[in-house]
Amino acid sequence: QVQLVESGGGLVQAGGSLRLSCAASGRTFSSYPMGWFRQSPGKEREFVASISSGGGSTLYVESVKGRFTISRDNAENTVYLQMNSLKPEDTAVYFCAAGSRYGVIRRNSDAWYWGQGTQVTVSS
């Protein structure tokens, strides 16, 4: 099993930035696609961004394109989500996820492993 631990959440004003980190266990991190999802109270968990196992391909939900950047450091078993120009509607618990080896993450069902989540709150 893969264990994932998120960090970096917090409270920021609209227009500010945060960088989320997700540390993964194991030595096979480089074979997993990684993704970020978010969930607000009363809403379903939604896809935010994903990155291929080698880091060569990325996907983003339309609402964060140009503002968020997903990246990974396979040497440190870590995936990041740099969030700029944050908006109040970005407020949510953000979850890190790992998918099937060499696969693609674009929806909840693509994820096989989940972190516990980290809270991001953006004030207006």
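Not measured: the values here are computed from a predicted model.

## Brief notes about the environment of V48
The residue V48 is located in strand β5 (residues 46-51) in this model. V48 gets classed as buried once you look at its relative accessible area, which sits at 0%. With 28 residues separating them in the primary sequence, V48 and E76 have C-alpha atoms 22 Å apart.

## Notes on the sheet that holds strand β1 (residues 4-7)
The strand order β1-β3-β8-β7 describes an open sheet built from four strands, whose pairing is antiparallel. Looking at the sheet topology across the chains shown, the edges are occupied by β1 and β7 (68-73). Ignoring which end each strand starts from, the neighbouring axes of this sheet average 15 degrees apart. Pairing between β7 and strand β8 (residues 78-83): six bridges, direction antiparallel. Pairing of D73 across the sheet is with T78, part of β8.

## Points about unusual backbone geometry
The backbone of N77 shows a phi angle near 55 degrees, a positive value even though the residue is not glycine. For S85, which is not glycine, the phi torsion reads 50 degrees and is therefore positive. Within the secondary structure, S85 sits in the loop between β8 and β9 (92-99).

## Brief notes about the side chain of R67
Relative to the elements of secondary structure, R67 occurs in the loop between β6 (58-60) and β7. A relative accessible area of 11% places R67 in the buried class. Ignoring anything within four residues of it in the chain, the contact list for R67 reads Q82, M83, N84, S85, L86, K87 and D90.

Thresholds applied
Residues numbered from 1 in each chain as written. Predicted model: local features only at pLDDT ≥ 70, side-chain atom pairs only at ≥ 80, totals over all residues. Heavy atoms only, no water. Helix = DSSP H or I, 4+ residues; strand = E, 2+ residues; numbered from the N terminus. Buried < 20%, exposed > 50% of the residue type's maximum accessible area, 1.4 Å probe, protein only. Pairing = 2+ DSSP bridges. Axes fitted to C-alpha atoms, helices over the stretch in contact; angles between N-to-C directions. Contact = heavy atoms within 4.5 Å.

By themselves, these observations are geometric and do not establish any function.
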